[in-house]
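Breakdown of the fold
Listed below are the residues making up each chain.
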Amino acid sequence: LMFSRLLFKVKFRYLLIISIIGIIFTFYLFFLSAIIFFLKIYVKSKKIIYLIFVYIFVTFSIFDFLSPKIFFKNSDYYTKSNIEYDINKHYGYYPKSNSKFNEEIYFNKKLIKKNIYSINEYGHRDNFNLNDKNENCIVLFGGSIIFGQSLSDDETLPYFISRDLNFSHSVYNYGFNGYGPHQFLSKLENNEISEIIHCDFLLLIYKFIPDHVARTAGRRSYGENSPRYKIKNNSLIQKGFFSDYPYKIIMKFRKNIRNSKTISSLYDIGIVNDYDKKIYLKILKKNETEATKNFKNVNFINIIWYENLGVWNNSESEFKEIYNVLKSKNHIIIDNLKIDENIKKNNIPGDQHPTKKYNEILSKEIVKIINK
């Protein structure tokens, strides 16, 4: 009777998972016994080598199947979003133009935050400039931190900069999830800048995190519809997207390795090499030359975050040349601001982007440089 009551308390899906694991484990033990049996009989036969290979393959397969259930637990947080994407033939994916998207964040099935993402006609997050044709312009570009993932329109860094400058500048948000500096370069090179072509004075603010080096190298599966740059005759050229053949084969190969818990634990496919760093540096420098070519007065502020979101823990020496280039302009190093960790990250598992308060603090640091 006690066992029956206990059984009813356990959810059916957990019983199913336990049953599947039991069946697989039984098969595994049977297969191991068979291997030992064949070892005794055919120890001198070359055929045993093939059996050992099969055994190793099955072992890896079982581990890969079970590891998500063992190592990853269901989060108490859940995000619901209706955001949609389009593809531009030059710079790749972007949020659908002239749209307003809603996002809801739940904790323990309870709604804790609502966000609104307003996208203008150019496919950029709307900053609601009071004077959209102001000749004094600020453009922020980078990834989801600039875009303001998990934050509403009036909680982003571009919004706070605009507010702290008393709306005296036109401020534009060119960031988006998974972006790096290569999307902005593609926009400059292909004249996808009609939104800011009226600007006389242009301040470019780039937010760097180490993961951008991997993004510009095509080492992130979510960036497959991003512009791919390569070096030819020591010059940087755009060669379609990472999703174009034949490079698409490499992207698929990397994705398969990344999805394997066994292989990825032995080899990190996302680690960048010297060639990846070289491409990234050339993208940085070409952004500068293209911007100077298109606008009369251009200045730069680089925001550097060495250890972002727990994705990388690189010492400064590993990216020394990149950091030196970034620090050759006006710059802010996030790690030196001593911002509280609870403000740096929103503590939502699988998200952990900066908070509204983080953007308020950073905005004031940027405005200090602008007002010098």
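Residues numbered from 1 in each chain as written. Predicted model: local features only at pLDDT ≥ 70, side-chain atom pairs only at ≥ 80, totals over all residues. Heavy atoms only, no water.

Points about the sheet that holds strand β1 (residues 77–81)
We count it as follows: Strands were regarded as paired on the criterion that DSSP finds at least two bridges between them. The helix count covers DSSP runs of H or I at least four residues long, the strand count covers runs of E at least two residues long, and both are numbered beginning at the N terminus. Orientation is described by lines fitted to C-alpha atoms, with helices fitted over the stretch in contact, and by angles between N-to-C directions that extend from 0 to 180 degrees.
Reading across from one edge, β1-β4-β5 is the order of the three strands in this open sheet, with antiparallel pairing throughout. Sheet topology places β1 and β5 (110–119) at the edges, where each strand pairs with a single neighbour. The average undirected angle you get between the axes of adjacent strands in this sheet is 15°. With five bridges connecting them, β1 and strand β4 (residues 99–107) associate as antiparallel partners. Its bridge partner being in β4, Thr79 is matched across the sheet by Ile105.

Some remarks on helix α10 (residues 274–294)
In plain terms, the rule: In this scheme, a helix's expected span is set at 1.5 Å multiplied by one less than its residue total. Relative accessibility thresholds used throughout: buried, under 20% of the residue-type maximum; exposed, over 50%; partly exposed, between the two (1.4 Å probe, protein chains only).
Over its 21 residues, α10 extends 30 Å from the first C-alpha to the last, a length consistent with the 30 Å expected when each residue adds 1.5 Å. Taken residue by residue, α10 has Asp276, Lys277, Ile279, Tyr280, Leu281, Ile283, Leu284, Asn287, Glu290 and Ala291 as its buried positions.

Structural notes on the sheet that holds strand β6 (residues 136–141)
Threshold: By definition in these notes, contact holds between two residues if any of their heavy atoms fall within 4.5 Å.
With parallel pairing, five strands are arranged side by side in an open sheet as β7-β6-β8-β11-β12. What marks the edges here is a single partner per strand, and that holds for β7 (170–173) and β12 (330–333). The mean inter-strand angle of the sheet, taken between neighbouring strand axes irrespective of direction, is 15°. The sheet contact formed by β6 and β7 spans four bridges and is parallel. By the bridge assignment, Val139 is partnered in β7 with Tyr172. Packed onto the sheet, helix α5 (residues 157–164) meets β6, β7, β8 (201–208) and β11 (297–304) and runs at close to 155° relative to β6.

Overview of the layout of surface pockets
To keep things clear, this is the line we draw: Definitions used throughout: a 1 Å grid over protein atoms alone; a cavity as a set of points that fits a 1.4 Å probe which cannot get out; a pocket as an open set with protein on both sides within 12 Å along at least five of seven lines; a lining residue as one with an atom within 4 Å of a point. Grid points are joined across faces, edges and corners, and a volume is the space filled by probe spheres set on the points.
Its volume calculated, the largest pocket comes out at about 790 Å³. What lines the largest pocket is a set of 33 residues, among which Ser144, Asn177, Tyr222, Gly350 and His353 lie closest to the centre. Contributing elements (two or more residues each) for the lining of the largest pocket: β1, β2 (85–88), α4 (144–147) and α7 (211–216).

Examining the confidence of the model for the chain
Close reading of the predicted structure is inappropriate where its pLDDT is low. How we decide: As a per-residue measure, pLDDT reflects the predictor's confidence and takes values from 0 up to 100.
With 75% of its residues at a pLDDT of 70 or more, the chain has an overall mean of 84. Mean pLDDT values for the elements of the chain range from 46 in helix α1 (residues 2–9) up to 98 in helix α6 (residues 181–189). For residues 1–11, every residue scores under 50 in pLDDT, and the model assigns this stretch two contacts once sequence neighbours within four places are set aside.

Side note on the pattern of salt bridges
Our working rule: For salt bridges, the criterion is a side-chain nitrogen of Lys or Arg within 4 Å of an Asp or Glu carboxyl oxygen.
Going through the model one piece at a time under the given rule, you end up with 13 salt bridges. Across the pair Arg220 and Asp211 runs a salt bridge, and its minimum N-O distance is 2.7 Å. Assessed through its relative accessible area of 15%, Arg220 is described here as buried. A relative accessible area of 6% places Asp211 in the buried class. Residues Glu341 and Lys344 are paired through a salt bridge, measuring 3.5 Å at the closest nitrogen-oxygen approach.

Regarding the state of the cysteines
Note the cut-off: Cysteine sulfur atoms that come within 2.5 Å of each other are treated as a disulfide pair.
Scanning the model with the defined rule gives one disulfide in all. Between the sulfur of Cys137 and that of Cys199 lies a disulfide, 2.1 Å long from S to S. One quick way to see it: the torsion about the S-S bond of Cys137 and Cys199 is about -90°, and its sign makes the bridge left-handed. Here Cys137, found in strand β6, pairs with Cys199, found in the loop between α6 and β8; they are 62 residues apart in sequence, far enough to count as distant.

A word on the pairing of β2
The sheet contact formed by β2 and strand β3 (residues 92–95) spans four bridges and is antiparallel. Bridge pairing in β3 links Asp86 to Tyr94.

Here's the deal with the packing of aromatic side chains
Our working rule: In this scheme Phe, Tyr and Trp rings, the latter by its six-membered ring, pair at centre separations within 6.5 Å, and the angle between planes marks the pair as stacked below 30 degrees, edge-to-face above 60, and tilted otherwise.
Scanning all chains against the criterion turns up 20 aromatic pairs. An angle of 85° between the planes, with centres 4.9 Å apart, marks the rings of Phe147 and Phe176 as edge-to-face. In this pair, Phe147 is assigned in helix α4 and Phe176 in the loop between β7 and α6, connecting sequence segments 29 residues apart. In this structure Phe176 comes out as buried when scored by relative accessible area, which is 1%. With centroids separated by 5.8 Å and ring planes inclined at 85°, the aromatic side chains of Phe208 and Tyr323 adopt a geometry described as edge-to-face. Taken together, the residues span a long stretch of sequence, with Phe208 in strand β8 and Tyr323 in helix α11 (residues 320–326) at a distance of 115 residues.

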